[in-house]
Amino acid sequence: MLNKNLVLACAVAMLVQVPLVLPAQVRTPPSYGPVATDYLSIQAALDANRGKMVYLPPGDYRIEDKLRITGENSGLFGPGRIIQANLDRVIVEIEHASGAQLRDV
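Residues numbered from 1 in each chain as written. Predicted model: local features only at pLDDT ≥ 70, side-chain atom pairs only at ≥ 80, totals over all residues. Heavy atoms only, no water.

**A word on the overall build of the protein chain**
Within the protein chain one finds 2 helices and 7 strands. Counting all 105 residues of the protein chain, 26% fall into the buried class. Carbon and sulfur atoms make up 56% of the accessible area of the protein chain, which totals about 7,600 Å². (Helix = DSSP H or I, 4+ residues; strand = E, 2+ residues; numbered from the N terminus. Buried < 20%, exposed > 50% of the residue type's maximum accessible area, 1.4 Å probe, protein only. Areas by Shrake-Rupley, 256 points an atom, 1.4 Å probe, with all protein chains shown as cover.)

In structure tokens:
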């Protein structure tokens with residue numbers, strides 16, 4: 001037997017052309033792999049995940065020392081902003097890391 005409320009909700013969704021998310025279709029956030037905020041620092045995240053891209057979530061991240069990317073195919077990506085505390089220092093150093101990337105940071 002059809003649930004009358006479910007049928008009504010589907011009909012309304014079709015009329016107003018909005019996506020209908022049923023309880024069985026709960027969406028989970030995408031997996032970004034390693035996340036920088038799961039570590040004590042961005043550098044600790046990079047060091048622990050050589051060969052992987054580390055996700056930098058939204059927010060401002062003030063750094064005192066340069067970030068070192070040393071693993072092949074390593075790097076940072078995401079909407080987070082890196083704020084350089086000391087303008088006289090290098091902000092990122094990439095050494096012996098072919099395929100290293102900085103995206104959207």
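There's more to say after this.
**Observations regarding the sheet that holds strand 4 (residues 75–77)**
Taken in spatial order, the 3 strands make up an open sheet running 1-4-7, and their pairing is parallel. What marks the edges here is a single partner per strand, and that holds for strand 1 (53–55) and strand 7 (101–103). Along the sheet, successive strands turn relative to each other by an average axial angle of 25 degrees, direction set aside. Pairing between strand 1 and strand 4: 3 bridges, direction parallel. Bridge pairing in strand 4 places tyrosine 55 opposite phenylalanine 77. (Pairing = 2+ DSSP bridges. Axes fitted to C-alpha atoms, helices over the stretch in contact; angles between N-to-C directions.)

**Digging into unusual backbone geometry**
For asparagine 73, which is not a glycine, the phi torsion comes out positive at approximately 60 degrees. Along the chain, asparagine 73 falls in the loop between strand 3 (67–69) and strand 4.

**Overview of the environment of arginine 89**
With respect to the helices and strands, the residue arginine 89 is situated in the loop between strand 5 (81–84) and strand 6 (92–94). For arginine 89, a relative accessible area of 44% translates into the label partly exposed. When sequence neighbours within four positions are dropped, the list of residues in contact with arginine 89 reads Glu64, Asp65 and Gln84. A polar side-chain atom of arginine 89 sits 2.6 Å from a polar atom in the side chain of aspartate 65. (Contact = heavy atoms within 4.5 Å. Polar contact = N/O pair within 3.5 Å; in protein donor to acceptor, adjacent residues only side chain to side chain.)

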